[in-house]
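Residue-level structural notes
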Amino acid sequence: MTEILIQLAYLFAAFLFITALRALGRPDSARRGMQLAAFGMAVAIIATLFQARIVSYEWIAIGAAVGAVAGYPLGMWVPMTAMPQRIALSHAFGALAATLVGIGEYVIGFSGGTLVRSTVAALGLEVLFGGVTVTGSLMAFGKLQGILPGRPLTFRGQNAINALLFAACCGCVVWLIAFPTQPVVFSAMATLAVLLGVLFVLPIGGADMPVVVSLLNSYAGLAAVATGFAIDNNILIIVGALDGLSGLILSIAMSKAMNRSFANVLFGAFGATVTDAPAATVAGGEMSATTVEDAALRLAYAERVIMVPGYGLAVSQAQHQMRELGDLIEKRGGDVRYAIHPVAGRMPGHMNVLLAEAGVPYDKLIDMDEINDRFGETDVAIVVGANDVVNPAARTNPASPIFGMPILKVEDAKSVLVLKRGKGKGFSGVENDLFVDRKTSMLFGDARQSLLDLGLQVKEA
Amino acid sequence: MSSMTIIQLFVFMLAGFVGVQTINRIPPLLHTPLMAATNAISGISLVASLVLAGSGDGVLATILGAIAVGCAMANIVGGFLITDRMLSMFKRTQSAAADNSKDGASSAATP
């Protein structure tokens, strides 16, 4: 009877989780939906405590208390700019939980002599996905946090070694399905998986992290699915499937936005490929610099303005200054929108969160596909700290390494103002035709200071 | 392969379809909250950790279980808190428009 009630509680929780994900489809219902999901989580946890297999609660209480104490700062104190590494770290936590459960269940099954093939297959996959995700996420965390060098670390034969490791892991799983009671093979597989996680993220550069973090999200979900199969728990299968697909969908979206094929992503063979391409030939020309006064005057009398924030904006922490400038232009009667490229931040949707935190209303944050039609009727487009995502060569120059990458059509605007630190090239080292276009004026200097100065001048204009 | 496993495969497949349908409807605007949310929800692996930590099947299993409980719990608490914090920042223009309209009215009158 208790068992049926527990399963019904899981069913209810699964319903609330899916409802919450549906509510995330709209910003005004999202928050309420997630509160329902939290309630569902509480129901599922309380129901589990009545499970017949649980005989003592001391270690549960200790673990839960430590986890809750650790979770609070992870939820409340982490700044929004640190969101990518925060998410990477929690992938590591989630995967570690799954891996340890996999190992623990194998140990119990081995000592009790109850190991059957299907369970071992599931446990093997659980530890395989879990192990890769734990160290992979920790590496991603290290790179995003700046503990590890962000540049790709490569050595010869790297892909061959990774492929070999992966094959060895799969071989161990097959071996375990054939001969379930071999703890040596099981621990060898766990070790190889952990090693694979390190080597898989090592060659990937910091700017490619949106894809990696999304992909690791997917792996963590698959580890949860495997747990569900191993201990016959449907809610883990459901949640794991949702998690896994969410990560997969996001990483496909990210790889498209970064101009990489998904196969490229799946095999982890990305990183330094772009920079190796021959430098694109560019129509020559000089950048024309402008002054704060001139630029501000144009902004003050512009009717339609689009702000184009790139990662450089987040680096110089200038989101608030951008919003203030936008407010000032709006006060003078101009219409201001914010154009968000999918890879403007360091993870999917990151730039939206940063601007929302700065107080930009979300209906002014417009996705690339939607805003690209609006540039034609825009008086001034302000590009701040973005380079490759506004490079017209991606559409016009087949020789360019970034050819084919979806970009914001900033060059369609009547005039363009580019805020840039110096005359250097972007992350991919590609020349940018936009900067030498005749309707483009460059305002050199620190983005934060430039935005601040522009704001002051617009106010006086 | 037992009939239980077959049913689980059905559950997995159907959940997958629900996932694709649901997640494709989420706008890029909310992709970061989506990742935080799936993280929080995937803390449901706590239910597996709880069973392992409380089953009393030897010291090793108990300790592994307790660590797993800690990790999953940290994800649940931290994940739901941070998702809520993020979502609370997403505001429509309306509330801003309410106080802007006062400014707007006065500034429209002055020039």
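Residues numbered from 1 in each chain as written. Chains lettered and ligands numbered in written order. Predicted model: local features only at pLDDT ≥ 70, side-chain atom pairs only at ≥ 80, totals over all residues. Heavy atoms only, no water.

1. Structural notes on the overall build of chain A
Secondary structure summary: chain A contains 19 helices and six strands in total. Oriented by its inertia axes, the alpha-carbon framework of chain A measures out at about 80 × 50 × 35 Å. Within chain A, buried positions represent 56% of all 461 residues. Sequence-distant contacts in chain A: of pairs separated by 6 or more residues, those separated by 24 or more amount to 77%. If you sum the accessible surface of chain A, you get close to 18700 Å²; carbon and sulfur atoms cover 63% of it. Averaging the positions of the 32 positive and the 34 negative side-chain charges in chain A gives two centres separated by 1 Å. (Helix = DSSP H or I, 4+ residues; strand = E, 2+ residues; numbered from the N terminus. Buried < 20%, exposed > 50% of the residue type's maximum accessible area, 1.4 Å probe, protein only. Contact = heavy atoms within 4.5 Å. Areas by Shrake-Rupley, 256 points an atom, 1.4 Å probe, with all protein chains shown as cover. Lys, Arg positive; Asp, Glu negative; His and termini not counted. Charge placed at Lys NZ, Arg CZ, Asp CG, Glu CD.)

2. Notes on the packing of aromatic side chains
All names here are of chain A. Evaluated as defined, the whole model comprises eight aromatic pairs over all chains. Between Tyr72 and Trp77, the aromatic rings sit 6.4 Å apart at their centres with planes inclined by 90 degrees, giving edge-to-face as the arrangement. By relative accessible area, Trp77 is classed as exposed at 65%. Ring plane angle 50 degrees and centroid distance 5.9 Å describe the contact between Phe129 and Tyr219, whose orientation is recorded as tilted. Residue Phe129 is found in helix H5 (residues 117-145), and its partner Tyr219 is found in helix H8 (residues 209-230); the two are separated by 90 residues along the sequence. Residue classification places Phe129 among the partly exposed positions, given a relative accessible area of 25%. For Tyr219, a relative accessible area of 15% gives the class buried. (Phe/Tyr/Trp six-rings, centres within 6.5 Å; stacked < 30°, edge-to-face > 60°.)

3. Concerning a nonpolar patch on the surface
Where nonpolar side chains cluster on the molecular surface, the patch consists of Met1(B), Ile6(B), Leu9(B), Phe10(B), Met13(B), Leu14(B) and Phe17(B) and spans about 760 Å² of accessible area. The residue Met13(B) is located in helix H1 (residues 3-24) in this model. (Patch = residues over 30% accessible without salt bridge, like charges linked within 9 Å, V, L, I, M, F, W, Y side chains within 5 Å. Salt bridge = Lys/Arg side-chain N within 4 Å of Asp/Glu carboxyl O.)

4. A closer look at the environment of Phe229(A)
Residue and element names in this part refer to chain A. Its location among the elements puts Phe229 in helix H8. A relative accessible area of 16% means that Phe229 is categorised as buried. As for Phe229 and Ala121, which are separated by 108 residues in sequence, their C-alpha atoms are 9.2 Å apart.

5. Some thoughts on the packing of helix H1 (residues 2-23) of chain A against helix H9 (residues 234-257) of chain A
Residue and element names in this part refer to chain A. Orientation of H1 relative to H9, taken along the N-to-C sense of each, is 15 degrees, at an axis distance of 10 Å. In terms of orientation, H1 lies roughly parallel with respect to H9. Here H1 runs over H9; the crossing is left-handed. Residues Tyr10, Ala13, Ala14, Phe17, Ile18 and Leu21 of H1 form the contact with H9, whose participating residues are Ile235, Ile238, Val239 and Leu242. (Axes fitted to C-alpha atoms, helices over the stretch in contact; angles between N-to-C directions. Parallel < 35°, antiparallel > 145°, perpendicular 65-115°, else oblique. Left-handed = near helix turned anticlockwise from the far one by under 90°.)

6. So, the environment of Arg346(A)
All names here are of chain A. Topologically, Arg346 is positioned in the loop between strand S2 (335-340) and helix H15 (350-357). A C-alpha to C-alpha distance of 9.3 Å links Arg346 and Val211, two positions 135 residues apart in sequence. In contact with Arg346, other than residues within four places in its own chain, are Pro84, Leu144, Gly206, Ala207, Met209, Pro210 and Tyr311.

7. Topic: the side chain of Ser441(A)
All names here are of chain A. Within the secondary structure, Ser441 is located in strand S6 (residues 440-444). Only 2.7 Å separates the side chain of Ser441 from the side chain of Arg298, close enough to count as a polar contact. Excluding residues within four positions of it along the chain, Ser441 makes contact with Ser288, Thr290, Arg298, Val416, Leu417 and Val418. (Polar contact = N/O pair within 3.5 Å; in protein donor to acceptor, adjacent residues only side chain to side chain.)

8. A closer look at the packing of helix H4 (residues 83-112) of chain A against helix H3 (residues 46-54) of chain B
Two elements in contact, H4(A) and H3(B), have axes separated by 10 Å at closest approach and are oriented at 40 degrees. As the angle between them shows, H4(A) and H3(B) are arranged oblique. Taken as a pair, H4(A) and H3(B) cross one another with a handedness that is left-handed. Across the interface between the two elements, Ala97(A), Leu100(A), Val101(A), Gly104(A), Glu105(A) and Ile108(A) of H4(A) pack against Ala48(B), Ser49(B) and Leu52(B) of H3(B). Among the residues forming the contact of H4(A) with H3(B), the class breakdown is six nonpolar, two polar and one charged. (Nonpolar A, V, L, I, M, F, W, Y, C, P; charged D, E, K, R; others polar.)

9. Focus on the nonpolar core
One broad trend across soluble globular proteins is that nonpolar side chains are buried collectively. Core analysis: the biggest nonpolar cluster contains 149 residues, and Leu299(A), Ile382(A) and Leu454(A) have the highest contact counts within it. Looking at this core, the element that brings in the most residues is helix H4 (residues 59-87) of chain B, giving 12 residues. Not counting residues up to four positions away in its chain, the partners in contact with Leu299(A) are Val305(A), Leu325(A), Ile329(A), Val380(A), Ile382(A), Leu417(A), Leu454(A) and Val458(A). Counting 29 residues, the second largest nonpolar core, distinct from the first, contains Val343(A), Met405(A), Leu408(A) and Val410(A). (Core = buried A, V, L, I, M, F, W, Y, C linked by side-chain atoms within 4.5 Å.)

10. Quick notes on the pairing of strand S4 (residues 380-384) of chain A
Regular strands place side chains that alternate from one sheet face to the opposite one. Residues and elements named next belong to chain A. The buried count for S4 comes to five of five residues, which makes it a mostly enclosed element. Burial along S4 is two-sided: Val380, Ile382 and Val384 facing one way and Ala381 and Val383 facing the other are all buried. Where S4 meets strand S5 (residues 415-420), five bridges bridge the pair, whose relative direction is parallel. For Val380, the partnering residue across the bridge sits in S5 and is Ser415. (Pairing = 2+ DSSP bridges.)

11. A look at the side chain of Lys364(A)
Here Lys364(A) shows up in the loop between H15 and strand S3 (365-367). According to the relative accessible area criterion, Lys364(A) is buried, its value standing at 14%. There is a polar contact of 2.8 Å between the side chain of Lys364(A) and the side chain of Glu330(A). Contacts of Lys364(A), omitting those with residues within four sequence positions, involve Glu330(A), Val336(A), Arg337(A), Tyr338(A) and Thr93(B).

12. Some remarks on the confidence of the model for chain B
Residue and element names in this part refer to chain B. Here chain B averages 86 in pLDDT, while 84% of its residues score no lower than 70. Summarising per-element confidence for chain B, the mean pLDDT is lowest in helix H5 (residues 93-109) (48) and highest in H4 (96). When the criterion is pLDDT under 50, residues 99-111 qualifies, and its contacts beyond four places in sequence or with other chains add up to two contacts. In the model output, the complex is listed with pTM 0.89 alongside ipTM 0.89. (pLDDT = per-residue confidence, 0-100.)

13. Structural notes on the confidence of the model for chain A
Here chain A averages 88 in pLDDT, and 93% of its residues register 70 or above. Here residues 269-283 of chain A is a poorly scored stretch, pLDDT under 50, and it has 30 contacts once near neighbours within four places are set aside; other chains count.

14. Examining unusual backbone geometry
All names here are of chain A. Phi angles above zero are rare outside glycine, and Asp232 is one such case at about 55 degrees. As for its position among the elements, Asp232 is in the loop between H8 and H9. We classify Asp232 as partly exposed; its relative accessible area is 40%. The backbone phi angle of Gln317 is positive, close to 55 degrees, even though this residue is not glycine. Inspection of the secondary structure puts Gln317 in the loop between helix H13 (311-315) and helix H14 (319-331). By relative accessible area, Gln317 is classed as partly exposed at 39%.

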